[in-house]
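Observations on the three-dimensional arrangement
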Amino acid sequence: MTTTAVVPNDVLRAVRIGLRLSQDDFAKALRRAGEELGEPNEASKRLVQRWESGTSKTPRGVYARALERVTGRPVEALGFSLPVPTARVHADGMGGHDMDAGTEGIAVATGSPLAAQATEETFSGVWLSRYEFYSSSRDTTYECKHYVVIVQHGNRLTAQSLPGASSNPDSPLSLDLTVDRNVVTGSWVEQTASDGYYNGARYHGAVQMLIEPTGRRMAGKWVGFGKDFDVNTGPWELRLVDRSTNKAILEQYARAPE
């Protein structure tokens, strides 16, 4: 008999922690969002626990819309396994056939058995993220800083910036990383401010860093596309500032880095 490994949803957990909400508070926020959307739901602490543990992999529509409202992120970016539509063919009434998107399909895997293997948790905590980028339109190099909370499960690290914890206002940052001994590889996404220089553009790319022997600093390079869709790169580092993720610590670092 084949069994499917249960993979915890560390992305959702990191987002919730980044919002400085307990599981119970998160459920309450989802219920409020449902009322505001005109779609009441029965979100509970137990449901949030099932999502985060991976025992419940796909939220129903009313919950998906509430999740998007509370987190400000599309449900596809919250670590869930969502159905992949399958192609359906039907007669078009004129002797031919058309294809439309169905709703049945297979679930997208959120991890692999390797990612689910137990690894000593040494990277969870609050980190200072710092990267540099060159703006060709302004002929200047800029430095961007965020306080991010990292949640670790096995060899996977999920990082989410804390509210208001950016040197650039309203530019939330998230990273999805994998640890292989002293190498960290993954992807990043940053949403720029709608009233800022980049007019709310969403940027994303890849990152690879080396972990120092102390385990308190990661340093390497990012790669991504620029405003004119050219491929750019630059330095990126993460420095540990606190290994705790309790509410008091998260509130302490929910501010713009100096």
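In this report, the structure presented in the accompanying data block is examined. Bear in mind the structure is a predicted one, so any value in this text is a computation, not a measurement. (Residues numbered from 1 in each chain as written. Predicted model: local features only at pLDDT ≥ 70, side-chain atom pairs only at ≥ 80, totals over all residues. Heavy atoms only, no water.)

1. Comments concerning the sheet that holds strand 8 (residues 202-211)
Note the following rule: A pair of strands is labelled paired if DSSP reports no fewer than 2 bridges between them. Under the DSSP-based scheme used, a helix requires at least four consecutive residues in state H or I and a strand at least two consecutive residues in state E, with every element numbered from the N terminus. In this analysis, axes come from line fits to C-alpha atoms, helices being fitted only over the stretch in contact, and the angle between any two N-to-C directions falls in the range 0 to 180 degrees. Note on contacts: a residue pair qualifies if any of its non-hydrogen atoms lie within 4.5 Å across the two residues.
Strands sit in the order 3-4-5-6-7-8-9-10 around a closed barrel of eight strands; the barrel is antiparallel. Looking at each pair of strands side by side, their axes are set apart by 30 degrees on average, direction ignored. Across seven bridges, strand 4 (residues 140-153) lies against strand 5 (residues 156-166) in antiparallel orientation. Looking across to strand 5, one finds that valine 151 is bridged to threonine 158. Packed onto the sheet, helix 1 (residues 10-18) meets strand 4 and strand 5 and runs at close to 20 degrees relative to strand 5.

2. A few points about helix 2 (residues 23-37)
The condition is simple: In a helix, the anticipated span is given by 1.5 Å times the number of residues less one. Relative accessibility under 20% of the residue-type maximum defines a buried residue, over 50% an exposed one, and the middle range a partly exposed one, all with a 1.4 Å probe and only protein chains included. Arc definition: directions from the helix axis to the C-beta atoms.
In this model helix 2 runs 21 Å from its N-terminal to its C-terminal C-alpha over 15 residues, within 8% of the 21 Å that 1.5 Å per residue would give. Turning to helix 2, its buried residues are Gln23, Phe26, Ala27, Ala29, Leu30, Ala33 and Gly34. In a view along the axis of helix 2, the buried residues occupy a sector of 160 degrees, so they form one face of it. Projecting away from the buried face of helix 2 at angles above 90 degrees are the exposed residues Arg32, Glu35 and Glu36. Looking at the packing, one finds that the buried side of helix 2 touches helix 1, helix 3 (45-53) and helix 4 (61-71). Following helix 2 by one or two positions, glycine 38 adopts a phi angle in the positive range, close to 75 degrees.

3. Some details on the pairing of strand 5
Burial analysis of strand 5 places nine of its 11 residues in the buried class, the great majority of the element. Relative to strand 6 (residues 173-180), strand 5 is paired through five bridges, and the arrangement is antiparallel. Bridging from a neighbouring strand, leucine 157 pairs with leucine 177 of strand 6. What sits between strand 5 and strand 6 in their antiparallel hairpin is a turn of six residues, with aspartate 170 showing a positive phi close to 55 degrees.

4. Examining helix 3
Buried within helix 3 we find Leu47, Val48, Trp51 and Glu52. Relative to the axis of helix 3, the buried residues are bounded by an arc of 130 degrees and lie together on one face. Glycine 54, located one to two residues past helix 3, shows a positive phi value of around 90 degrees.

5. Comments concerning the packing of helix 2 against helix 4
Put simply, the test is: Each angle is binned into one of four classes, with values under 35 degrees roughly parallel, values over 145 roughly antiparallel, values of 65 to 115 roughly perpendicular, and all other values oblique. Only Asp, Glu, Lys and Arg are considered charged, only Ala, Val, Leu, Ile, Met, Phe, Trp, Tyr, Cys and Pro nonpolar, and every remaining residue, Gly among them, polar.
Helix 4 packs onto helix 2 with a crossing angle of 105 degrees between their chain directions and a minimal axis gap of 8 Å. By the angle between their axes, helix 2 is roughly perpendicular relative to helix 4. Touching Phe26, Ala29, Leu30, Ala33, Gly34, Glu36 and Leu37 of helix 2 are Arg65, Ala66, Leu67, Arg69, Val70 and Thr71, all from helix 4. Of the residues in the contact of helix 2 with helix 4, the class split is eight nonpolar, two polar and three charged.

6. Description of the packing of aromatic side chains
Inclusion rule: What counts as a ring pair is set by centres within 6.5 Å for rings of Phe, Tyr and Trp (its six-membered ring), and what kind of pair is set by the plane angle: stacked under 30 degrees, edge-to-face over 60, tilted for all other angles.
Tallying each qualifying case throughout the model produces 10 aromatic pairs. With 5.7 Å between their ring centres and 25 degrees between their planes, phenylalanine 133 and tyrosine 142 make a pair best called stacked. Given the relative accessible area of 16%, phenylalanine 133 is considered buried. A centroid spacing of 6.1 Å and a plane angle of 85 degrees characterise the contact between tryptophan 188 and tryptophan 222, whose relative ring orientation is edge-to-face.

7. A word on the pairing of strand 3 (residues 125-135)
Of all 11 residues making up strand 3, eight are buried, and the element is well covered by its neighbours. Bridge count for strand 3 against strand 4 is 11 bridges, and the pairing is antiparallel. For leucine 128, the partnering residue across the bridge sits in strand 4 and is tyrosine 147.

8. A few points about the nonpolar core
Going by this rule: Only buried residues count toward a nonpolar core, which is a set of Ala, Val, Leu, Ile, Met, Phe, Trp, Tyr and Cys residues joined through side-chain atoms within 4.5 Å.
Judged by nonpolar contacts, the single largest core of 25 residues is most densely connected at Trp127, Leu175, Met218, Trp236 and Leu238. Listing elements by their share of this core, those giving two or more residues are strand 3, strand 4, strand 5, strand 6, strand 7 (183-191), strand 8, strand 9 (217-225) and strand 10 (231-242). Listed in part, the 17 residues of the second largest apolar core include Phe26, Val48, Trp51 and Leu78.

9. Topic: the side chain of glutamate 237
Spelled out, the test is: Distance and chemistry together define a polar contact, namely a pair of N or O atoms within 3.5 Å, with one atom able to donate a hydrogen and the other to accept it when in protein, and with adjacent residues in sequence counting only for side-chain atoms on both sides.
Inspection of the secondary structure puts glutamate 237 in strand 10. There is a polar contact of 2.8 Å between the side chain of glutamate 237 and the side chain of arginine 217. Sequence-distant contacts of glutamate 237, defined by excluding residues within four places in its chain, comprise Leu128, Ser129, Arg130, Met209, Arg217, Met218 and Ala219.

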